[in-house]
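# Remarks on the overall topology
Listed below are the residues making up each chain.
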Amino acid sequence: MSGAEKLKIRQQLGTHLRSTEKLSFMKRLFLKLCYLCLIFVYVCLCAVAAESSHESGAAHVDNLTLREQNFGQTGNEEQETEVADSSKRWAEVNVEKAENYLSLDGHDESLRGTVVERKQNQPIGVSVETKPKHEFSLKKTVPVGRIQDDSYSVDYDAINVGPDYNGPRLKDGIVSLKFMRDLVQHFRVKKRLHSKYAYQIIRKIRNFYRRQPSLLEIKVPKGENITICGDIHGQLYDLLNIFEMNGWPSETNRYLFNGDFINRGRYGVECALLLFGFKLLYPKRFFLNRGNHESKMMSHYFGFDDEVKFKYSQKMLDMFGKAFRWLPLAHRIDKKILVVHAGLFSEDGVTISDIKHIERNCEPIHSPLMFDMLWSDPKSTDGRSPNFMRGAGIEFGPDVTRSFCRRNQVEYIIRSHYPPKEGHRTDHNNRIVTVFSAPNDQAGNKGAILKLTAPKFEPQFVTFTQMPEWDMDHGEGVESDHPINDSQQIKDTARSMKGKPSPVSATSKYFP
């Protein structure tokens, strides 16, 4: 083959190779363009789907609101069974509605509370502008706000008390010792207080506490005592048992009830009204803290809403809610002992002054410090961690307790919120004392009360088991085991009771 032929063949091969490379480049470019187009189409489809989902969720919320209004119209105070059924449907609607609001990141709407702007230079308890320290703390993402506390629309003076009502009556709107005696006996036999007097008691409590700070001081003279009671949870006959074995409230027999008066038990209304009544009768000797169950969310899920609407009305439930929002959050005994429903805080540096200045009149989730005080639990290890057991609040370790007590010159902290098997327990080197007063609330736990005598305030526990209810047919208590622990400690701290005590006697010799 001559040189000219070889050159020609080389030129033809070069032309073919360049053509092939150009074709390969165009092919790769085409494939890349197709890939980009597919990505663009996918993004567009996702955006359209998200917008459609958002509109569907909003439409569903509107539909639920309409259903709620319709359900609200079915309630009739004269038809109690219809009210009960309506309230259950109302509960289901609101749970579903809250879930839909939350799916749209509408935390404030899911709370269903009217929120107003905060003031400048508020104390630590009502400011959440700083970045949350714990991502798991949902409350930190929700703006703090106070619920508009509108004036009461109930004109209880215009409510007529019929001649067939034979229960206790308030004279000139004043809670007297005779009224409280009659109220106790009235509730024993499962009778209801007339709505006129219930309205008056609740309103008086709300007006009393709205003038008080969030932390109140208690002074106990030397040689005298105060009894701390934990959760009651609507167990009326166990509440009466506490009074019968430990003495009824009086000018010399102080009590502090540490929240959770309602829910779970069937007599939350009666328990709350009794405690409110004793507070009005002995305002300087009888004390109440707010618990996590004295809130809109918890009463909605655990039965108090239905109980109030069945026994009274929606208006009565609104009245209870307004009173609960003004309950104090803590008491300090002789500036030595802090009594709070649940526990300590998800941030360092909180002082007694900060607690005193927490703005109330709101749901706990709107106030970070309030939320911690009503939901947190102690743990055995140092530090803080999410409270996975409850799904709210934190767990705080011995180092957190030690730091708080030193900073605020507190000897120890009394809490409730959790049912120990024996009704009481201590943690964090005895700096955390738990007392729970609702026996058999969970898995057969005992109930307990805590007695403190000035000036040493050494804890003395009195334990008991669940009391029987009033038997409407036989006029006596249902058979049960002896409710009083027969220890020497109880003999020394509780009143002596011969034989098997009954919570349903017609009268009580222990009532002052």
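Bear in mind that the values here come from a model prediction, so they are computed numbers and not experimental data.

Now for the nonpolar core. Ranked by internal contacts, the top residues of the largest apolar core, which has 63 residues, are L193, F257, L273, L274, F276, F286 and F320. Discounting chain neighbours no more than four positions away, the residues touching F276 are I201, I202, I205, L288, F320, A323, F324 and L327. Of all hydrophobic cores here, the second largest spans 29 residues; its members include V340, I352, L374 and I413.

Of all the positions in helix α13 (residues 398-408), only P398, V400, T401, F404, C405 and N408 are classed as buried. Projected onto a plane normal to the axis of α13, the buried residues spread over an arc of 160° and lie on a single side. A positive backbone phi angle near 55° is found at Q409, which sits one or two residues after α13.

Within a regular beta strand, the side chains point alternately toward one face of the sheet and then the other, so they alternate between its two faces. The side-chain alternation of strand β3 (residues 254-257) yields two buried faces, one formed by R254 and L256 and the other by Y255 and F257. The pairing of strand β2 (residues 225-229) with β3 spans 4 bridges and is parallel. Among the inter-strand pairings, I228 is bridged to a residue of β3, identified as L256. At this point the chain moves from β2, through helix α6 (residues 236-246), to the parallel β3, and the crossover so formed is right-handed. In this sheet, strand β4 (residues 286-288) lies alongside β3 in parallel orientation, the contact comprising 3 bridges. Counted as the bridge partner of F257 is L288 from β4. Between the parallel pair β3 and β4, the chain is carried across by helix α7 (residues 268-281), and the sense of this crossover is right-handed.

Ordered by their spatial adjacency, 3 strands build an open sheet running β7-β9-β8, and the pairing between neighbours is mixed. Both outer strands of the open sheet, β7 (377-378) and β8 (384-386), are each paired with one neighbouring strand and no more. Where β7 meets strand β9 (residues 394-396), 2 bridges bridge the pair, whose relative direction is parallel. By the bridge assignment for β9, D377 is matched with E395.

Mapped onto the secondary structure, T453 falls in strand β13 (residues 447-453). By relative accessible area, T453 is classed as partly exposed at 31%. Remark: the alpha-carbon pair of T453 and V220, spanning 233 residues in sequence, is separated by 8.1 Å. Setting aside residues no more than four positions away along its own chain, T453 makes contact with G223, E224, N225 and Q460.

A cluster of nonpolar side chains, namely M26, L29, L33, L36, I39, Y42 and V43, defines an oily patch on the protein surface of about 680 Å² accessible area. Structurally, Y42 is set in helix α1 (residues 3-72). Assessed through its relative accessible area of 57%, Y42 is described here as exposed.

Glancing now at the packing of aromatic side chains. Using the criterion set out here, one finds 19 aromatic pairs in the structure. Seen in terms of ring centroids, Y237 and Y267 are 5.8 Å apart; in terms of plane orientation they differ by 90°. Their pairing is edge-to-face. Note that Y237 is positioned in helix α6 and Y267 in the loop between β3 and α7, a separation of 30 residues in sequence. You'll find Y237 and Y267 in the same group, each marked buried. Centre to centre, the rings of F243 and F257 are 5.9 Å apart; their planes meet at 70°, and the pair counts as edge-to-face. Of the two residues, F243 is situated in helix α6 and F257 in strand β3; the sequence distance between them amounts to 14 residues. Taken as a pair, F243 and F257 share a single burial class, namely buried.

Conventions and cut-offs
Residues numbered from 1 in each chain as written. Predicted model: local features only at pLDDT ≥ 70, side-chain atom pairs only at ≥ 80, totals over all residues. Heavy atoms only, no water. Core = buried A, V, L, I, M, F, W, Y, C linked by side-chain atoms within 4.5 Å. Buried < 20%, exposed > 50% of the residue type's maximum accessible area, 1.4 Å probe, protein only. Contact = heavy atoms within 4.5 Å. Helix = DSSP H or I, 4+ residues; strand = E, 2+ residues; numbered from the N terminus. Arc of directions from axis to C-beta. Pairing = 2+ DSSP bridges. Right-handed = clockwise from strand over helix to strand, strands pointing away. Patch = residues over 30% accessible without salt bridge, like charges linked within 9 Å, V, L, I, M, F, W, Y side chains within 5 Å. Areas by Shrake-Rupley, 256 points an atom, 1.4 Å probe, with all protein chains shown as cover. Salt bridge = Lys/Arg side-chain N within 4 Å of Asp/Glu carboxyl O. Phe/Tyr/Trp six-rings, centres within 6.5 Å; stacked < 30°, edge-to-face > 60°.

No statement about biological role is implied by the geometric values presented.
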